[in-house]
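# Fold and geometry: a report
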Amino acid sequence: QVQLVESGGGLVQAGGSLRLSCATSGISGIFFRLTTMAWHRQAPGKQRELVASITGIEGVNYSDSVKGRFTISKDNAKKIVYLQMNSLHPEDTAVYYCQGGDNYWGQGTQVTVSS
């Protein structure tokens, strides 16, 4: 019954911005507040990589490739995780997945950045 649903993906030109949302349901407010949430991405022919994570006390970590361009945040009242993506590069093109804790994953949303 736990569901994570990503939205906000699409087609954007290099240098543009997108904001991804991960709406959660079927998890408690306590779980959402205290559990690390993360965004991953997977490009064709490549392994899935961790992009950004946010802890229960809202400490954040980013991969070197997105640091300074992406921002992860969360709304504890709405139980939504966001990924603000600025200054997008063609190499950011991938399916982006939301993760809650170790066991919960969304279905992904496609981000395509054209040159």
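Residues numbered from 1 in each chain as written. Predicted model: local features only at pLDDT ≥ 70, side-chain atom pairs only at ≥ 80, totals over all residues. Heavy atoms only, no water.

What the protein chain contains, in helices and strands, is one helix and 11 strands. For the protein chain, the sequential pattern of α-helices and β-strands runs β-β-β-α-β-β-β-β-β-β-β-β. Taking 115 residues into account, the globule formula puts the C-alpha radius of gyration at 13 Å, and the protein chain, at 13 Å, falls close to it. For the C-alpha atoms alone, the extent of the protein chain along its principal axes is close to 40 × 25 × 25 Å. Taking the intrachain contacts of the protein chain between residues at least 6 apart in sequence as the baseline, contacts between residues at least 24 apart amount to 52%. Carbon and sulfur atoms form 48% of the exposed surface of the protein chain, whose accessible area is close to 6100 Å². On the protein chain, the mean spot of the 10 positive side-chain charges and the mean spot of the 8 negative ones are 5 Å from each other. (Helix = DSSP H or I, 4+ residues; strand = E, 2+ residues; numbered from the N terminus. Rg over C-alpha atoms; globule rule 2.2 N^0.38 Å. Contact = heavy atoms within 4.5 Å. Areas by Shrake-Rupley, 256 points an atom, 1.4 Å probe, with all protein chains shown as cover. Lys, Arg positive; Asp, Glu negative; His and termini not counted. Charge placed at Lys NZ, Arg CZ, Asp CG, Glu CD.)

Here we take up the side chain of Arg41. Looking at the secondary structure, you find Arg41 in strand β4 (residues 37–42). Of note is the side chain of Arg41, whose polar atom sits 2.9 Å from the side chain of Asp92. Within the structure, Arg41 has its side chain in polar contact with the side chain of Tyr96 (distance 2.9 Å). Once residues lying within four places of it in the same chain are set aside, the contact partners of Arg41 are Gln47, Arg48, Glu49, Val51, Ser65, Val66, Phe70, Glu91, Asp92, Ala94, Val95 and Tyr96. (Polar contact = N/O pair within 3.5 Å; in protein donor to acceptor, adjacent residues only side chain to side chain.)

Attention shifts here to the pattern of salt bridges. Applying the stated criterion across every chain yields a total of four salt bridges. One salt bridge connects Asp64 with Lys67, and the closest N-O pair in it is separated by 3.6 Å. (Salt bridge = Lys/Arg side-chain N within 4 Å of Asp/Glu carboxyl O.)

All right, on to the environment of Gln110 then. Mapped onto the elements, Gln110 comes out in strand β11 (residues 109–114). Given the relative accessible area of 40%, Gln110 is considered partly exposed. Distance from Gln110 to Gly10, taken between C-alpha atoms, is 6.2 Å for residues 100 residues apart in sequence. Apart from the residues lying within four places of it in its own chain, the contact partners of Gln110 are Gly9, Gly10, Thr93, Ala94 and Val95. Within the structure, Gln110 has its side chain in polar contact with the backbone oxygen of Ala94 (distance 3.4 Å). (Buried < 20%, exposed > 50% of the residue type's maximum accessible area, 1.4 Å probe, protein only.)

Turning next to the packing of aromatic side chains. Evaluation of the coordinates by the stated rule reveals one aromatic pair. Note that Arg48 overlies the ring of Trp105, its terminal NZ or CZ placed 5.0 Å from the centroid. The residue whose ring lies beneath Lys74 is Phe32, and the NZ or CZ to ring-centre distance is 5.8 Å. (Phe/Tyr/Trp six-rings, centres within 6.5 Å; stacked < 30°, edge-to-face > 60°. Lys NZ or Arg CZ within 6 Å of the ring centre and 35° of its normal.)

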